[in-house]
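A structural walkthrough
For reference, the chains in residue letters:
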Amino acid sequence: MTQTPLASLVIVRRDDNIQLVSRLADLRETLAFLLFSLLTRLYDTNKSRKTSRRRSIRRSRMLLIAKISGFFSAAMVIVVVSPSFQSFPPAEAIRSSHIDPFLRFPSHNRLSSEPLSFRRSPFFNNADDCAAPSSSLSVCDPSLVHIAITLDADYLRGSIAAVHSVLQHSRCPESVFFHFLVSDAGLEPLVRSTFPHLRFKFHFFDPNVVRGLISSSVRQALEQPLNYARNYLAELLEPCVRRVIYLDSDLIVVDDVLKLWNTSLGSRTLGAPEYCHANFTKYFTDRFWSDPRLASAFSGRRPCYFNTGVMVIDLDRWRRFGYTRRIERWMEVQKTDGRIYELGSLPPFLLVFAGHVAPIDHRWNQHGLGGDNVRGSCRDLHPGPVSLLHWSGSGKPWVRLDENRPCPLDSLWAPYDLFGPSPQ
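Remember, it's a predicted structure, so these values are computed and weren't measured experimentally.

**Here's the deal with the state of the cysteines**
Under the criterion given, the structure shown has four disulfides. Residue pairing for Cys276: its cysteine sulfur links by disulfide to Cys304, the two sulfurs lying 2.0 Å apart. Given an S-S torsion of about 100 degrees, the disulfide between Cys276 and Cys304 has right-handed geometry. Remark: Cys304 occurs in the loop between helix H9 (292-295) and strand E8 (305-306) and Cys276 occurs in the loop between strand E7 (274-275) and helix H8 (286-290); sequence separation between them is 28 residues. Two residues, Cys378 and Cys407, share a disulfide whose sulfurs are 2.0 Å apart.

**Details of the sheet that holds strand E3 (residues 199-204)**
Taken in spatial order, the seven strands line up as E3-E2-E1-E4-E9-E6-E10 in an open sheet, and their pairing is mixed. The outermost strands of the open sheet, each flanked by one partner alone, are E3 and strand E10 (358-359). Across five bridges, the pairing between strand E4 (residues 243-247) and strand E9 (residues 310-314) is antiparallel. Among the inter-strand pairings, Leu247 is bridged to a residue of E9, identified as Val310. Where helix H3 (residues 156-169) meets the sheet, it contacts strand E1 (145-151), strand E2 (176-182) and E4, and its direction lies at approximately 165 degrees from that of E1.

**Looking at the nonpolar core**
One finds Leu233, Leu270, Phe284, Phe306 and Phe353 to be the most contacted residues of the largest nonpolar core, which totals 49 residues. If you tally residues by element for this core, the top one is helix H12 (residues 346-353), at six residues. If sequence neighbours within four positions are ignored, Leu233 has contacts with Ala148, Leu181, Val244, Tyr246, Ile313 and Leu315. In this structure, Leu156, Val253, Val310 and Leu388 belong to the second largest nonpolar core, which totals 39 residues.

**Quick word on the pattern of salt bridges**
Under the criterion given, the structure shown has 17 salt bridges. Residue Arg293 is joined to Asp291 by a salt bridge in which the shortest nitrogen-to-oxygen separation is 3.6 Å. Its relative accessible area of 53% is what places Arg293 among the exposed residues.

**Focus: the packing of aromatic side chains**
Under the counting rule described, the total for this entry stands at 25 aromatic pairs. On the basis of an interplanar angle of 80 degrees and a centroid distance of 5.9 Å, the ring pair of Tyr155 and Trp398 is categorised as edge-to-face. Here Tyr155 is found in the loop between E1 and H3, whereas its partner Trp398 is found in helix H13 (residues 397-402), with 243 residues between them in sequence. We classify Trp398 as buried; its relative accessible area is 7%. Their ring planes at 65 degrees and their centres at 5.7 Å tell us that Phe284 and Phe298 sit as a pair that is edge-to-face. A residue pair is termed long-range when its members are at least 10 positions apart, and Phe284 in the loop between E7 and H8 and Phe298 in the loop between H9 and E8 qualify at 14 residues. Across this residue pair, the class does not change: Phe284 and Phe298 are buried. Here the aromatic residues Tyr275, Phe280, Tyr283, Phe284, Phe288, Trp289, Phe298 and Tyr305 are joined through ring pairs into a cluster of three or more.

**Considering the environment of Glu332**
Here Glu332 lies in helix H11 (residues 323-336). When its relative accessible area of 28% is taken as the criterion, Glu332 is described as partly exposed. Contacts of Glu332, omitting those with residues within four sequence positions, involve Leu213, Arg325 and Asp337.

**Focus on the pairing of E1**
Counting buried residues along E1, seven of its seven residues qualify, which places the element largely inside the surrounding structure. Alternating residues of E1 divide into Val145, Ile147, Ile149 and Leu151 and His146, Ala148 and Thr150, and every residue in both groups is buried. Relative to E2, E1 is paired through seven bridges, and the arrangement is parallel. The residue bridging Ile147 from the neighbouring strand is Phe178, located in E2. Read from E1 through H3 to E2, the crossover connection turns out right-handed. The pairing of E1 with E4 spans two bridges and is classified as parallel.

**A word on H12**
Counting buried positions along H12 yields eight of eight residues, so the element is predominantly enclosed. Within H12, the full set of buried residues consists of Leu346, Pro347, Pro348, Phe349, Leu350, Leu351, Val352 and Phe353. As for H12, its buried residues are in contact with strand E6 (270-272), H8, E8, E9, helix H10 (315-321) and H11. Immediately downstream of H12, the backbone of Gly355 shows phi near 95 degrees, a positive value.

Rules of the game
- Residues numbered from 1 in each chain as written.
- Predicted model: local features only at pLDDT ≥ 70, side-chain atom pairs only at ≥ 80, totals over all residues.
- Heavy atoms only, no water.
- Disulfide = S-S within 2.5 Å.
- Helix = DSSP H or I, 4+ residues; strand = E, 2+ residues; numbered from the N terminus.
- Pairing = 2+ DSSP bridges.
- Contact = heavy atoms within 4.5 Å.
- Axes fitted to C-alpha atoms, helices over the stretch in contact; angles between N-to-C directions.
- Core = buried A, V, L, I, M, F, W, Y, C linked by side-chain atoms within 4.5 Å.
- Buried < 20%, exposed > 50% of the residue type's maximum accessible area, 1.4 Å probe, protein only.
- Salt bridge = Lys/Arg side-chain N within 4 Å of Asp/Glu carboxyl O.
- Phe/Tyr/Trp six-rings, centres within 6.5 Å; stacked < 30°, edge-to-face > 60°.
- Right-handed = clockwise from strand over helix to strand, strands pointing away.

Taken by themselves, the reported measurements are silent on function.
The following block contains the structure:
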């Protein structure tokens, strides 16, 4: 069954449009009724409360605003998933004829101590205009799209959801080859049982390669050696793999990944969405900026922030110019000469590549949905179309859903979650 590229966050079939729109209309009417009821109750409550202290009045007003804001956040999610409100066209087809599974939410609290168990993913086949798939394709076949992603027990649920989302929305899913960067080869049977038809290979990353170069960070998760495996893609992947998309484990792709793969890098080694209006200086310490020898690293270029969770990399150029060693040298400076940055694996990439990045449309990294390292903070989507949602930051959707404290946008991640036993 073929599928057109998905440019929105809705997954529908043409013949299911009427049913889905009817459901969404009912949801919007229910939401409007609940919002009206809340406003009425809050008005009556506030009217009956009498207090002489100005501080109490301010507190009541803030509570009113917070509750209304929560309902508007929920309304925003309904609008995002409703095709009639989209600023870009919804999908015309889906490989599954069932809508209900894509609207499900976790029904119980799943604890991290439970054994890892994932449902089997549906089979996604190529569209008619894709290259004919062959079971004998080797990793060196030039028709393949290569994606690298880390895989470990802590983020396994996120990685599985990311893979699922890529396959769901790819026009040529049988032509996608996944390179899993692991420090535990024992996860391979789980991946194979979840995605029986997936083209993939495990690449073992030895933590000792980088352990002596890692500095303490603002979050312990950023200090894990596997976070630095992206530095060594040129060495880990086969020499015949000339280009790769690197994806973090806390994101979902809602568009055809082939569009990202075909991004022109020009003469650049790396492509990523850039954010030139961000405060670039905050990614390095005062010591770095006060030392002319260190700060001169950015001389002759205008450095812009980019997020390393979504990158398109020309591995041929990376190998030719020895970028792995350049990144390692900055990590050595951090360890031997004093702290010049705080944020884990990101700053060395900025030091080497910022100002020399091929810009990619921002739709390919709607990042920060995890809340900028502030636990419990919820973010909205940035303005504009969406092809990839990224829960960078400390808040992860699977954790918040399990704790029954989800942010509104976490409901957009839930349909790709395969965690849990297969239905009987």
